[in-house]
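# Observations on chain architecture
Here's the letter readout for the chains.
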Amino acid sequence: MRKREKIFLFVVLALLAAGVTALLLLPKSNAVQLNLAHFFPSSHPVEKDLVQPWIEAIKEATGGRIQITSYPGETLATAAEIYNGVVTGIADLGISCFSYTRGRFPLLEVFELPGITYLSARAAGKTAWEGIRELEPEEIRDTRLLMVFATGPGHLMTRVPIETLEELQGKEIRATGLTAQTLELLGAVPVAMPQPETYEALARGIVQGNLGPLEVLQGWRHAEVTDYITLTPFLYNTLFFMVMNLETWNALPPDLQEIFAKVTTEYLEEVAFALWDRQNETALAWAARETKKRIITLSPEETVRWIELTVPVQENFVAKMAGLGVDGDRLLRRVKELAEYYNGLYPSGAKGVNGFGETL
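Residues numbered from 1 in each chain as written. Predicted model: local features only at pLDDT ≥ 70, side-chain atom pairs only at ≥ 80, totals over all residues. Heavy atoms only, no water.

## Here's the deal with the overall build of the chain
Of regular secondary structure, the chain possesses 13 helices and 11 strands. Of the contacts made within the chain by residues no fewer than 6 positions apart, 77% connect residues no fewer than 24 positions apart. As displayed, the chain offers around 16700 Å² of accessible surface, 54% of which is attributable to carbon and sulfur atoms. (Helix = DSSP H or I, 4+ residues; strand = E, 2+ residues; numbered from the N terminus. Contact = heavy atoms within 4.5 Å. Areas by Shrake-Rupley, 256 points an atom, 1.4 Å probe, with all protein chains shown as cover.)

So, in structure tokens, the structure goes:
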């Protein structure tokens, strides 16, 4: 090989080596890597129908510049720890229930008060979302609030039939937040526990029922450990949040914040608000078909008896708000106005049963 050719080959090899070295030294990804903690099982519609499609939509809309990893089933933080976990940075994002940390969100309890009937999850979620945007409560300003959605009407799912107040007396019923206080006024014995612990408690007879949305019959397999459903849409509504660590949010460039907010709003409107309507409808139809559950509708007179006993919960809320310098009466009236308005717009899920268990 001639000297000139040897020199040329040497230069080419040197350039190739330099290029490979430069590639190896480049960062593997410039994407913002985020984690999301929630307590729902990986098989639950929250993970399958909301979280995973939303994650993919964020990735696609940002051209891969934001990538999110979901940690379902309390693998990153327990249900009660998720909000504070996001505040402290243990998780970048989190989904859980406000009621799992009782006393942490006093103003937001207004959306879960008994005696306010929500005819659908969408109506309940829209009421809460608009109300929270009007209120801008201090209690949630330590995170970036991305979504609020709701279960809508909840019902008693029990091992024994409950057709009257007398049959509810002394029964241990799983409940959280204000529903525990409500059940106590009705004569039941509330047992506080998050949803992931309820199946075993029912199976072992620690509790004799659960007050919650109908989706737990299928999504949490409660149809296997209960036999009766007493329809009580005036007793229950639970709010879920999706929040983001403030420092994480503020660190995003403005263009990514805009894209992130746009995609998230779309998924709130198109998926999250109605998520429990679809779940409740599917679960009730499945339970009726597969397990032959007996569905109990309270008589009008019996319904009035139950609602009258829950009035002190609303009165206590108003008194507590007064202690915080908030006009609780005005706040309660506004929530009732919003609930009435959105019940009119969204009286039921897409094709489901409404809050009173009537087929539409």
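Next, the rest of the story.
## Focus on the pattern of salt bridges
A complete count under the given rule lists 15 salt bridges for this structure. Across the salt bridge formed by Arg-104 and Asp-142, the nearest N and O atoms sit 2.7 Å from each other. Note that Arg-104 is positioned in the loop between strand S3 (93-97) and helix H4 (121-135) and Asp-142 in the loop between H4 and strand S4 (143-150), a separation of 38 residues in sequence. Judged by its relative accessible area of 24%, Arg-104 falls in the partly exposed class. Salt bridges here are not isolated pairs; linked through shared partners, they connect Glu-130, Glu-134, Arg-334 and Glu-337. (Salt bridge = Lys/Arg side-chain N within 4 Å of Asp/Glu carboxyl O. Buried < 20%, exposed > 50% of the residue type's maximum accessible area, 1.4 Å probe, protein only.)

## Here we look at helix H11 (residues 275-290)
For the α-helix, the turn length of 3.6 residues means that residues three or four positions removed from each other point alike. Counted at 1.5 Å a residue, the expected span for H11 with its 16 residues is 22 Å, and the 22 Å between its end C-alpha atoms agrees. Of the residues one or two after H11, Lys-292 is the one with positive phi, at around 55°. (Expected span 1.5 Å × (residues − 1).)

## Concerning the packing of H4 against helix H13 (residues 328-345)
Relative to each other, H4 and H13 sit at 140°, their axes nearing to 9 Å. As the angle between them shows, H4 and H13 are arranged oblique. As H4 packs across H13, the resulting crossing turns out to be right-handed. Contacts between H4 and H13 involve Ala-123, Lys-126, Thr-127, Glu-130, Gly-131, Glu-134 and Leu-135 on the former and, on the latter, Leu-331, Arg-334, Val-335, Leu-338, Ala-339, Tyr-342 and Asn-343. (Axes fitted to C-alpha atoms, helices over the stretch in contact; angles between N-to-C directions. Parallel < 35°, antiparallel > 145°, perpendicular 65-115°, else oblique. Left-handed = near helix turned anticlockwise from the far one by under 90°.)

## Remarks on the sheet that holds strand S2 (residues 66-71)
Ordered in space as S2-S1-S3-S10-S4, the 5 strands form an open sheet in which the pairing is mixed. Of all the strands in the sheet, just S2 and S4 have a single pairing partner and so form its edges. This sheet shows a mean twist of 20° between the axes of neighbouring strands, independent of strand direction. Of the strand pairs in this sheet, S3 and strand S10 (residues 239-245) are connected by 5 bridges, and their pairing is antiparallel. Note on S10: the bridge partner recorded for Gly-94 is Val-243. Its contacts with the sheet put helix H2 (residues 45-61) on strand S1 (32-38), S2, S3, S4 and S10, and the angle it makes with S2 is roughly 160°. (Pairing = 2+ DSSP bridges.)

## Focus on the pairing of strand S6 (residues 172-175)
As judged from the 4 bridges shared by S6 and strand S7 (residues 189-192), these two strands associate in the parallel manner. Residue pairing across strands places Glu-172 opposite Val-189, the latter belonging to S7. Where the polypeptide runs from S6 across helix H6 (residues 178-186) and back to S7, its parallel neighbour, the crossover connection is right-handed. (Right-handed = clockwise from strand over helix to strand, strands pointing away.)

## A closer look at the environment of Gln-52
Within the element layout of this structure, Gln-52 appears in helix H2. Separated by 17 residues in sequence, Gln-52 and Thr-69 place their C-alpha atoms 9.0 Å apart. Here Gln-52 is in contact with Glu-47 and Ser-70, once residues within four sequence places are set aside. At a separation of 2.7 Å, a polar atom in the side chain of Gln-52 contacts the side chain of Glu-47. (Polar contact = N/O pair within 3.5 Å; in protein donor to acceptor, adjacent residues only side chain to side chain.)

## Description of the nonpolar core
Membership of the largest hydrophobic core comes to 83 residues, with the highest contact counts inside it found for Trp-54, Ile-68, Leu-93, Phe-111, Met-147 and Phe-260. Contacts of Phe-260, omitting those with residues within four sequence positions, involve Trp-54, Ile-58, Ile-66, Ile-68, Leu-93, Leu-146, Met-244 and Trp-249. (Core = buried A, V, L, I, M, F, W, Y, C linked by side-chain atoms within 4.5 Å.)

## Concerning the sheet that holds strand S5 (residues 155-158)
As summarised here, the arrangement of the 6 strands in space is S7-S6-S8-S5-S9-S11, forming an open sheet in which the pairing is mixed. The open sheet is flanked by S7 and strand S11 (294-297), the only strands paired with a single partner. Here the average twist between neighbouring strands, direction ignored, is 25°. Bridge analysis of strand S9 (residues 228-231) against S11 gives 4 bridges, and the strand direction is parallel. Residue Ile-229 lies in a different strand from S11, and its bridge partner there is Ile-295.

## Describing the confidence of the model for the chain
Put simply, the chain has an average pLDDT of 89, and 89% of its residues get 70 or more. Under a pLDDT of 50 for its full length, residues 6-28 has, in the predicted model, 2 contacts with residues more than four places off or in other chains. A low-confidence stretch, residues 350-360 (pLDDT under 50), is modelled with 20 contacts involving residues beyond four sequence positions or located in other chains. (pLDDT = per-residue confidence, 0-100.)

## Notes on the side chain of Glu-112
Checked against the element boundaries, Glu-112 lands in the loop between S3 and H4. For Glu-112, a relative accessible area of 7% corresponds to the buried category. In terms of polar contacts, Glu-112 uses its side chain to reach the backbone amide nitrogen of Leu-239, at 2.8 Å. With residues near it in sequence (within four places) discarded, Glu-112 still touches Ser-99, Leu-178, Asn-237, Thr-238 and Leu-239.

## Observations concerning the packing of aromatic side chains
Applying the stated criterion across every chain, the model contains 18 aromatic pairs. For the pair Phe-39 and Phe-40, a centre-to-centre distance of 4.2 Å together with 25° between the ring planes defines the contact as stacked. Classification of Phe-40 by relative accessible area gives buried; the value is 1%. Both rings, one in Trp-249 and one in Phe-260, keep their centres 6.0 Å apart while their planes meet at 70°; by these two values the pair is edge-to-face. (Phe/Tyr/Trp six-rings, centres within 6.5 Å; stacked < 30°, edge-to-face > 60°.)

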